[in-house]
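The residues making up each chain are set out below.
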Amino acid sequence: MKLELRGITKRFPGVVANDDVNLSISTGEVLALVGENGAGKSTLMNVLYGLYKADEGEILIDDSVVRFTSPADAISAGIGMVHQHFMLVPVFTVAENVVLGIEPTKRFGALDIDKARQLVREVSDRYNLDLDPDAIVEDLPVGVRQRVEIVKVLMRDAKIVVFDEPTAVLTPSEIIEFFSIVRTLIASGKGVVFITHKLKEALTIADRINVLRRGKVAGAADPKTATEAQIAEMMVGRAVQLTVNKKPATPGDAVLNVQNLSVVDPDGRKVVDDISFVVHAGEIVGVAGVQGNGQTELVETLSGLRRLNSGQITLDGKDVTHSSPRDLHTSGMGHIPEDRQLQGLVTGMSITENLVLTRYHDGMFSDGVKMKWPKAKEIAKELVANYDIRTSDPEQLASTLSGGNQQKVIVARELSRDIRLVLAAQPTRGIDVGSIEYIHEQIVKERDSGTAVLIVSTELDEVMALSDRVLVMYRGKIVAELDPKKVSHMDVGLYMAGSRPTESAGAKS
Amino acid sequence: MKDLLKSLRYTLLALVASLLVGAIIIVITDVDALKSGDFGKAFSTVFNAYKSLFQGSFWGVRSISNTIAGTTPLLLSGLAVSIAFKGGLFNIGATGQMLAGGMTSLWVGFAFDGPGWLQVPLAVAAGAIGGAIFGGIAGLLKARTGAHEVITTIMLNSIASFLVLWLLKTTLFQREGRPDPISKPISEASRLPRLFGFLDGRVDLVAHAGFIVALLATLFYWWLLKRTTVGFELRATGLNSDAAKYAGMKTKSLMVIAMLFAGGFAGMAGATEVLGTYGYASTSLAGNIGFDAIAVALLGQSSPIGTLVSALLFGALQAGGRSMQANTDVPVDLIIVLRALIVMFVAAPLLVKAMFRVKSQVVSQGQTFRGWGG
Ligand SMILES: Nc1ncnc2c1ncn2[C@@H]1O[C@H](COP(=O)(O)OP(=O)(O)OP(=O)(O)O)[C@@H](O)[C@H]1O
Ligand SMILES: [Mg+2]
């Protein structure tokens, strides 16, 4: 099957999200779609999937024009889509989720759950997905949930499968598994469209790379010959610094001091286990670790959103062990949360409102009773310009922003406050290379002006590039403190997996 | 302005659609016409019914006055449901809050003997405070114990009804010489002035200044949401309470605040009924208004202007329905059907979402499926 998009144009109020885009994809190949935040990748795929109606242009399957008015049309034409936000019912089993909407029934319409189970097992075996049909979805890690979504798509006989930033929420090992799933799909005659901001991934898995820029096709690249730098330049229109440029740190006094911190989750598991560390003014400390080893809980506790069981936390010498988020904000803590849509943003509010979400109570924006909206709008305009947040109007809802631009709103808001300490969890998740460069610059600038920075990321490259010191977390404990200039990625990876490299070069503990 | 147009358009579409379905219902229940196969007659039944519906709601001073009188409590109690919605709470308790506010304003209305310029504002304020306290209970229960506000407000409705029944039998409230639960009348000075009082001798023009109170309350609601810090916090909490917590908002106090305001609005609805419409209190003081308020808020999507528009629509239907019943064979029950249809056409998906607290963006423009933000 060959799928072709011809001259697709899609306009939103104030922006042309897709501007005369041509694109084709055949079964048996992986097409990587890359481009800046807001370039129109998701929009284009939503047009293809029947969620949006294009203003101009047509879709062709095997050279004949088709018209999709809803995802149902696209699905029956053999197109499947795995969204980043999974559409799963958390309390249902894998089998129940997979057959939702296409339930096999026994007589009198009763759900034939055995049939459903068997179907899941079949598909799962055929594509090496390793899924237990009886597992409850909410108990599964993100990578496995994604496989449930993949089964859903495959059960509906998709020939072309679209993945919108599938790797943004996956851990490095899950990404490797994901790639082997993609290879299996290709081997069994499917076609795959793969959207990503990690150019390395595009080079690894894709047969062809298409670049979108400001709604238009900016060109194509051959993964066999192209380099990351070339693609980055094609995306952004200028050379991009892919490595972090920074001077050696000059650490000052301790800003964040964590002593013997332990956190027990509601199920009684010790998720953070007797951790002690210090972050000094003017240094960036990275926390590396495989997702689910207590980093999320650590950050939530430090930011006042989760109760700790024992231990002490001080900020600039002040005891903040039991402080509320508000107290922490006013004492100078900035926090870039892990999940932007769950915590970081109120997508039903305007961009301006989101840009002041953590400091609206400040005298600058509120007199205690009334909000000073003109002032907020002025600051919002500045931040939108500085952080290159792509929007036609900051008064629009944050939900109209592309994913990466939503992330930029959070980063802009937290870094622009008057802060002594930044907790940054996955700060550049879903952000394009050009903006990553800018955000990294800003973080280094904060450091150089004397702010303490704690970065928590599953992106090992980012942690290694940005940090002055790296702490490795494994099963709730800090198992190593490393100097990123002296250890290899390989060795850090070993620590993250709970083992110890034989020759502990650069390890301080 | 954009909001106004949008809500007008929605409401209008829903109105037209439900009038069409309503017409079908009138025809199939018109047994005589069906038997004789006389569709001309069926058509004229529909035409006459809708004509008197319209005339009864807008044609002439009397109709307009009736519409205004019906709209007043609906708007105020609609605001009570709307503001709770904005803060992420489902307030089923407007009835109880109306009763509470009605009783406190009643007490001020007959116990004191001040001049009108003092009595009226004092009695309305007393109603707001009474309602606010009653609404605040549900908010406090939720914040302290996590008791779901749908359950507690329903129970508080029963508590309020029986409390009123009991109070109206006490010597403090019960009218002398009456065996039934009817209150003393409020003092003449405490009555909300009639809006059409300048037209001498027209006692049939029942609209009163409670409507102005309701309009001011709507304006206040708009100001609170759009301009104040607390309104900002309420909206953020209602849209995404996790993000609100992250932003350092005290989401539990905000629940209480939302319910205080909600109760305050509903309390004023009770007050204007007592001070404007009846001049005394009985057990049927709140009627169905507290429940119709839910429909008003849903239809108006909880926005200030939307709540105003839908309260006006429901007020007009109510006024028109009575004249329809009087002038044609179509019973006033059709109005209930029409209202239900309107709400179904506009708000059923929203109702379902609100009840199940589905966190998702508005479905307009197929906006549902955005990737991990992408
Ligand atoms: N529903 C909408 N209303 C208004 N504007 C929208 C809407 N959806 C997308 N846009 C705009 O269209 C443009 C393209 O957005 P899109 O989500 O396709 O970008 P993207 O390439 O997927 O970016 P990212 O890499 O950040 O996910 C952006 O400027 C965005 O703000
Ligand atoms: Mg996207």
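Since we're looking at a predicted model, the values are computed, not measured.

Enquirer: Before we move on, could you go through the overall build of chain B and cite the residues and values that matter?
Expert: Of the regular secondary structure elements, chain B holds 14 helices and 0 strands. Each helix and strand of chain B, ordered N terminal to C terminal, gives the series α-α-α-α-α-α-α-α-α-α-α-α-α-α. Here chain B has a C-alpha radius of gyration of 22 Å; the compact-globule value for 374 residues is 21 Å, and the two agree. Each principal axis of the C-alpha distribution contributes one length, and for chain B these read about 70 × 70 × 35 Å.

Enquirer: So, helix 13 (residues 373-386) of chain A: which residues are in play, and what are the values?
Expert: In this model, helix 13 of chain A (14 residues) spans 20 Å end to end at C-alpha, consistent with the 20 Å of a helix rising 1.5 Å per residue. Buried within helix 13 of chain A are the following residues: W373, A376, I379, A380, L383 and V384 of chain A. Projection of helix 13 of chain A onto a plane perpendicular to its axis shows the buried side chains occupying an angular sector of 140°, all on one side. Exposed side chains of helix 13 of chain A directed beyond 90 degrees from the buried face belong to P374, K381 and A385 of chain A. Its buried side turned inward, helix 13 of chain A meets helix 12 (351-355) and helix 14 (403-416) of chain A together with helix 8 (210-227) and helix 9 (229-239) of chain B. Within two residues after helix 13 of chain A, D388 of chain A carries a phi angle of roughly 55°, on the positive side.

Enquirer: Please provide a residue-by-residue account of the packing of aromatic side chains, values included.
Expert: Residues and elements named next belong to chain B. Taken as a whole and assessed by the stated rule, the structure comprises 18 aromatic pairs over all chains. Ring geometry for F54 versus W59: centroids 6.1 Å apart, planes at 50°, classification tilted. Grouping aromatic residues by their ring pairs yields a cluster made of F220, Y221, W223, F261 and F265. The side chain of R175 reaches across the aromatic face of Y280, ending 5.1 Å from its centre.

Enquirer: I'd love a proper account of the site of ligand 1, names of residues and values included.
Expert: Within the structure, ligand 1 sits among 21 residues, and S42, T43, H197, S402 and G404 of chain A are positioned closest to it. In this structure ligand 1 sits where residues from chains A and B come together. At 3.3 Å, a side-chain N or O of E165 of chain A approaches an oxygen atom of ligand 1. One of the backbone N or O atoms of G403 of chain A is found 3.5 Å from an oxygen atom in ligand 1.

Enquirer: Let's hear about the interface of chain B and chain A: which residues, and what values?
Expert: Facing 28 residues of chain B, the contacting portion of chain A comprises 50 residues. Together chain B and chain A conceal approximately 3,300 Å² of surface at their shared face, both sides included; 58% is due to carbon and sulfur atoms. At the surface where chain B touches chain A, the tally comes to 1 salt bridge. For E353 of chain A, the salt bridge is made with R235 of chain B, and the minimal N-O distance between the two is 2.7 Å. Linking chain B with chain A are 13 residue pairs in polar contact (both at pLDDT 80 or more), by the criterion used here. Residue assignment for the side of chain B that touches chain A shows that the elements contributing at least two residues are helix 8, helix 9 and helix 10 (241-246) of chain B. Examining the composition of the side of chain B that touches chain A, we find that 6 residues originate from one element, helix 9 of chain B, more than from any other.

Enquirer: Let's hear about the confidence of the model for chain A: which residues, and what values?
Expert: Residues with a pLDDT of 70 or more make up 97% of chain A, whose mean pLDDT is 90. Averaged pLDDT values for the elements of chain A fall to 85 in helix 11 (residues 340-344) of chain A and rise to 97 in helix 12 of chain A.

Enquirer: Quick rundown of the pairing of strand 1 (residues 2-12) of chain A? Include the residues and the values.
Expert: Residue and element names in this part refer to chain A. Sheet topology note: the strand 1/strand 2 (residues 15-26) ladder contains 8 bridges and is antiparallel. Looking across to strand 2, one finds that L3 is bridged to I25. Hairpin remark: strand 1 followed by strand 2, antiparallel, with 2 residues in the connecting loop; positive phi at G14, about 90°. Examined bridge by bridge, strand 1 and strand 4 (residues 56-61) share 5 bridges and lie antiparallel to one another. Residue L3 lies in a different strand from strand 4, and its bridge partner there is I61.

Enquirer: If you had to explain the environment of G210 of chain B to someone new, which residues and values would you point to?
Expert: Residues and elements named next belong to chain B. Residue position: G210 is located in helix 8. For G210, a relative accessible area of 0% corresponds to the buried category. When neighbours within four sequence positions are excluded, G210 is seen to be in contact with T72, L192 and T272.

Enquirer: Would you mind going over the layout of surface pockets in detail, with residue names and values included?
Expert: All names here are of chain A. Its volume calculated, the second largest pocket comes out at about 1,400 Å³. Together, 48 residues line the second largest pocket, and K198, K200, E459, D461 and E462 are the ones closest to its centre. Those elements that place two or more of their residues in the lining of the second largest pocket are helix 6 (172-187), helix 7 (199-205), helix 15 (433-448), helix 16 (460-466) and helix 17 (489-496). Split by residue class, the lining of the second largest pocket holds 19 nonpolar, 17 polar and 12 charged. In terms of domain composition, the lining of the second largest pocket takes at least three residues from each of domain 1 (2-236) and domain 2 (254-344 + 419-508).

Enquirer: Can you tell me about the confidence of the model for chain B, naming the residues and giving the values?
Expert: The predicted model of chain B averages 86 in pLDDT, with 90% of residues at 70 or higher. Interface confidence for the predicted complex, given as ipTM, is 0.85, next to a pTM of 0.86.

Enquirer: Kindly report on the packing of helix 3 (residues 39-58) of chain B against helix 13 (residues 304-327) of chain B, identifying the contributing residues and their values.
Expert: Residues and elements named next belong to chain B. Remark: helix 3 packs on helix 13, axes separated minimally by 7 Å, with the N-to-C direction vectors making an angle of 130°. Overall, the two elements helix 3 and helix 13 adopt an arrangement that is oblique. In this structure, the crossing between helix 3 and helix 13 has a hand that is right-handed. Every residue of helix 13 that contacts helix 3 at A49, S52, L53, G56, S57 and F58 is listed here: A316, L317, A319, G320, G321, S323, M324 and N327. Split into classes, the residues belonging to the contact of helix 3 with helix 13 amount to 7 nonpolar, 7 polar and no charged.

Enquirer: Which residues make up the environment of R469 of chain A, and what are the values?
Expert: All names here are of chain A. Here R469 shows up in strand 19 (residues 469-474). For R469, the side chain forms a polar contact with the main-chain oxygen of V278, separated by 2.7 Å. A distance of 2.7 Å separates polar atoms of two side chains, one belonging to R469 and the other to E283.

The rules we used
- Residues numbered from 1 in each chain as written.
- Chains lettered and ligands numbered in written order.
- Predicted model: local features only at pLDDT ≥ 70, side-chain atom pairs only at ≥ 80, totals over all residues.
- Heavy atoms only, no water.
- Helix = DSSP H or I, 4+ residues; strand = E, 2+ residues; numbered from the N terminus.
- Rg over C-alpha atoms; globule rule 2.2 N^0.38 Å.
- Expected span 1.5 Å × (residues − 1).
- Buried < 20%, exposed > 50% of the residue type's maximum accessible area, 1.4 Å probe, protein only.
- Arc of directions from axis to C-beta.
- Contact = heavy atoms within 4.5 Å.
- Phe/Tyr/Trp six-rings, centres within 6.5 Å; stacked < 30°, edge-to-face > 60°.
- Lys NZ or Arg CZ within 6 Å of the ring centre and 35° of its normal.
- Near = heavy atom within 4 Å.
- Polar contact = N/O pair within 3.5 Å; in protein donor to acceptor, adjacent residues only side chain to side chain.
- Buried area = accessible area lost by both parts, 1.4 Å probe.
- Salt bridge = Lys/Arg side-chain N within 4 Å of Asp/Glu carboxyl O.
- pLDDT = per-residue confidence, 0-100.
- Pairing = 2+ DSSP bridges.
- 1 Å grid on protein atoms, 1.4 Å probe; cavity = no way out; pocket = protein on both sides within 12 Å on 5 of 7 lines; lining within 4 Å.
- Points joined across faces, edges and corners; volume = space filled by probe spheres on them.
- Nonpolar A, V, L, I, M, F, W, Y, C, P; charged D, E, K, R; others polar.
- Domains from an automatic or database assignment.
- Axes fitted to C-alpha atoms, helices over the stretch in contact; angles between N-to-C directions.
- Parallel < 35°, antiparallel > 145°, perpendicular 65-115°, else oblique.
- Left-handed = near helix turned anticlockwise from the far one by under 90°.

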